[in-house]
Amino acid sequence: MKRTMVSNKIWRTIVVAGAMLATPLAACGGSDKKADTTPAPAPTATETTPPAADDPDAKGITAEDAAAQAKFEEEEARKAEEARIAEEKAAAEAQAAKEAEEKAAAEEAAKKEAESKKARPRTTKSRPSGRGFILS
Amino acid sequence: MNPDPNEGVLGDIEPQGRDGAYEPTSPWWLSGTPLESEHHRLMRRRTVHIPWNETTVDKLTEPERNRLAATWMRRSEAEYLAVSTFSVLAIDLVAANAPADVLSLCLRAGIDEVRHAEMCLRMAHIYSGKKNLPPPGMSSLPDDPERPKLHQALANTMLVSCVSETYATTVLSATRDLTTDPTALAVLTSIYSDEVMHARLGWSYMRHAIEVGGQGVIDAAAEMLPRALRGVANVVERERPVGEVTDAVRTHGLMTPAEERVIYSTCVREVLVPGFQALGIPVGSALDDYGDAWAHAA
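Residues numbered from 1 in each chain as written. Chains lettered and ligands numbered in written order. Predicted model: local features only at pLDDT ≥ 70, side-chain atom pairs only at ≥ 80, totals over all residues. Heavy atoms only, no water.

Further remarks concern the overall build of chain A. Looking only at helices and strands, chain A has 3 helices and 0 strands in total. The N-to-C order of helical and strand elements in chain A reads α-α-α. Within the span of chain A, comprising 136 residues, buried residues form 18% of the whole. (Helix = DSSP H or I, 4+ residues; strand = E, 2+ residues; numbered from the N terminus. Buried < 20%, exposed > 50% of the residue type's maximum accessible area, 1.4 Å probe, protein only.)

Right, dumping it as structure tokens:
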């Protein structure tokens, strides 16, 4: 659209700058703007897979070495099991927290909805009077 | 670095500066209490220096002075009402849990309007010699308790800021181009520089509200748009003070009502409608309602 000089100035300095038109709107007319205040998801559990066990015979290692290796693997298995239990516990707690948050949000929304239906103190007229700089 | 969007538009305005040569603008409108010094501190901020003594009023005829006095008095009344407009809007924004920057700028806009009312009173005094006060009154904004507060705040922001203040900047900008009287030019420039931010406030809040509220906000905005456009059109169509707008009067900051209609129609077509469309808000019959037929109906 070709604009007059005045319109172009107003368009650029007020509408484009104010509404950030250079930045596209999110799909469907909006997105949930919570990124800065929503806690980041919990980091994933550290990789606990034990190092691959080589074949002791192939490397000519001793029985003591094999016993030590077995003990090591047993220890690693125990740690893995503990980690799995901890993960399951954390997941269960997260799920419970999420359900509690959703419940609280639903209650808050219901409260706000009820609040919005209360009469407000200021009076009103049905027709807006507008506000414009009176020119002449 | 991004270019300053105001470069070349706001001229030599120092937004956060102070006017070292500030003098009380309309001292007859003050309380006579110690509050006055704090008031002056507020008024010194964000202002363009007004060369009150450089007025060329003595080159005007008496009818021309009367015409200008009446218009500047009306302007003071409009600016005075705008103080309550932004106050009521602030209530709606607080109720809708608006962000802090939106709230602070809305409340500052109310203070700006006090300064504008003072300047317009002083201009009326220059042309009439009378130290009048704006009549008491309160702005009326639509209030629908049945709708969500976000929609209420968005709708009134659209009316007050996006439509009214954006139009005000358009008409002020065009008027400044005609004005040569140094005092009138500085007053119009000072008001204009504030109105830019008052208007931008609305477009920014609308963007924010759409991001937060999605389609419901867009629907509320679309419902409000015809009422907002009509509200400002009511002001444009209003009867004007008696008296001819001569060439000399024009140099003191006036246009004819017919010229103002064309400016509003142009603003709707070239600024408001494209802006709302860019945000995904349906504009209905706005272009037809305020097209050439309306622009030239006066």
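Alright, that's what it looks like, and here's the rest.
As a further point, take the overall build of chain B. Per the secondary structure count, chain B includes 10 helices and 0 strands. Its helices and strands in sequence order give chain B the pattern α-α-α-α-α-α-α-α-α-α, from N to C terminus. Over its C-alpha trace chain B gives a radius of gyration of 19 Å, about what one expects of a compact globule, namely 19 Å for 298 residues. Its C-alpha atoms give chain B principal-axis dimensions of about 55 × 50 × 45 Å. In chain B, buried positions account for 57% of the 298 residues. Sequence-distant contacts, at least 24 apart, represent 84% of the contacts inside chain B between residues at least 6 apart. (Rg over C-alpha atoms; globule rule 2.2 N^0.38 Å. Contact = heavy atoms within 4.5 Å.)

One broad rule of soluble globular proteins: the nonpolar side chains tend to lie buried together. Core analysis: the biggest nonpolar cluster contains 86 residues, and W72, Y127, M158, Y264 and F276 of chain B have the highest contact counts within it. Where this core is concerned, the elements lending two or more residues are helix 1 (5-18) of chain A together with helix 2 (62-95), helix 3 (100-128), helix 4 (149-178), helix 5 (182-213), helix 6 (215-237) and helix 8 (257-278) of chain B. Considering each element in turn, this core owes the most residues, 14 residues, to helix 5 of chain B. Apart from the residues within four sequence positions on either side, W72 of chain B is in contact with C120, M123, A124, Y127, A184, V187, L188 and H252 of chain B. (Core = buried A, V, L, I, M, F, W, Y, C linked by side-chain atoms within 4.5 Å.)

Turning to helix 8 of chain B, a few remarks are in order. Structurally, the α-helix is built with 3.6 residues per turn, so residues lying three or four positions apart point the same way. All names here are of chain B. With 22 residues, helix 8 extends 30 Å between its outermost C-alpha atoms, agreeing within 8% with the 32 Å of an ideal straight helix rising 1.5 Å per residue. Maximal helix bending in helix 8 amounts to about 40°, located at V268. Of the residues one or two after helix 8, G280 is the one with positive phi, at around 85°. (Expected span 1.5 Å × (residues − 1). Bend = angle between axes of the 7 residues up to and from the residue.)

Residue and element names in this part refer to chain B. The full count for this structure, using the stated rule, is 6 aromatic pairs over all chains. Through a chain of ring-to-ring contacts, the aromatic side chains of Y167, Y264, Y290 and W294 assemble into a single cluster. One residue, R122, lies across the ring of W52, its end atom 4.4 Å from the ring centre. We note R261 situated over the ring of W294; from NZ or CZ to the ring centre the distance is 4.6 Å. (Phe/Tyr/Trp six-rings, centres within 6.5 Å; stacked < 30°, edge-to-face > 60°. Lys NZ or Arg CZ within 6 Å of the ring centre and 35° of its normal.)

For M20 of chain A, which is not glycine, the phi torsion reads 50° and is therefore positive. With respect to the helices and strands, the residue M20 of chain A is situated in the loop between helix 1 and helix 2 (56-59). For N97 of chain B, which is not a glycine, the phi torsion comes out positive at approximately 60°. With respect to the helices and strands, the residue N97 of chain B is situated in the loop between helix 2 and helix 3.

Residue and element names in this part refer to chain B. Looking at where L225 falls in the secondary structure, it is placed in helix 6. Note: C-alpha distance between L225 and A124 (101 residues apart in sequence) is 34 Å. Apart from residues no more than four positions distant in its own chain, L225 is found in contact with M158, F276, P282 and V283.

Okay, helix 1 of chain A next. End to end, helix 1 of chain A covers 19 Å across 14 residues, agreeing with the expected 20 Å (1.5 Å per residue, within 8%). The sharpest bend along helix 1 of chain A comes to roughly 35°, located at W11 of chain A. Every buried residue of helix 1 of chain A is accounted for by V6, S7, K9, I10, W11, T13, I14, V15 and G18 of chain A. Along its buried surface, helix 1 of chain A packs onto helix 4, helix 5 and helix 8 of chain B.

Right, let's get into the packing of helix 1 of chain A against helix 8 of chain B. One can describe the packing of helix 1 of chain A onto helix 8 of chain B by two numbers: an axis separation of 10 Å at closest approach and a directional angle of 25°. On the basis of the axis angle, helix 1 of chain A is roughly parallel to helix 8 of chain B. As helix 1 of chain A runs across helix 8 of chain B, the sense of the crossing is right-handed. Between helix 1 of chain A and helix 8 of chain B, the contacting residues are S7, I10, W11 and V15 of chain A on the first element and T266, E270, V271, P274 and G275 of chain B on the second. (Axes fitted to C-alpha atoms, helices over the stretch in contact; angles between N-to-C directions. Parallel < 35°, antiparallel > 145°, perpendicular 65-115°, else oblique. Left-handed = near helix turned anticlockwise from the far one by under 90°.)

Model confidence for chain B is summarised by a mean pLDDT of 89, while 92% of its residues fall at 70 or above. Overall fold confidence (pTM) sits at 0.70, and the ipTM for the predicted complex is 0.82. (pLDDT = per-residue confidence, 0-100.)

Below, the discussion takes up the environment of I281 of chain B. Residue and element names in this part refer to chain B. Considering the arrangement of structural elements, one finds I281 in the loop between helix 8 and helix 9 (286-289). For I281, a relative accessible area of 2% puts it in the buried group. When the C-alpha atoms of I281 and L121 are compared, they prove to be 39 Å apart, with 160 residues separating the residues in sequence. Setting aside residues no more than four positions away along its own chain, I281 makes contact with M158, M206, I210, I218, A221, A222 and F276.

Turning next to the state of the cysteines. Residues and elements named next belong to chain B. Within the structure shown, the criterion is met by 0 disulfides over all chains. Between C120, a cysteine without a disulfide, and C267, which holds the nearest cysteine sulfur, the sulfur-to-sulfur distance is 20 Å. Considering cysteine sulfurs only, C267 is the nearest to C162, which forms no disulfide, with 11 Å between them. (Disulfide = S-S within 2.5 Å.)

A word on the pattern of salt bridges. Residue and element names in this part refer to chain B. All told, the structure shown has 8 salt bridges over all chains when counted by the stated rule. In this structure, the salt-bridge partner of R122 is E23, at a minimum N-O distance of 3.0 Å. Of this pair, R122 sits in helix 3 while E23 sits in the segment before helix 1 (35-44), and the two are 99 residues apart along the sequence. In this structure R122 comes out as buried when scored by relative accessible area, which is 13%. For E23, a relative accessible area of 32% corresponds to the partly exposed category. Among the ionic pairs, R207 bridges to E211, the shortest N-O distance being 2.8 Å. Taken together, the residues span about one helical turn, with R207 and E211 both in helix 5 at a distance of 4 residues. (Salt bridge = Lys/Arg side-chain N within 4 Å of Asp/Glu carboxyl O.)

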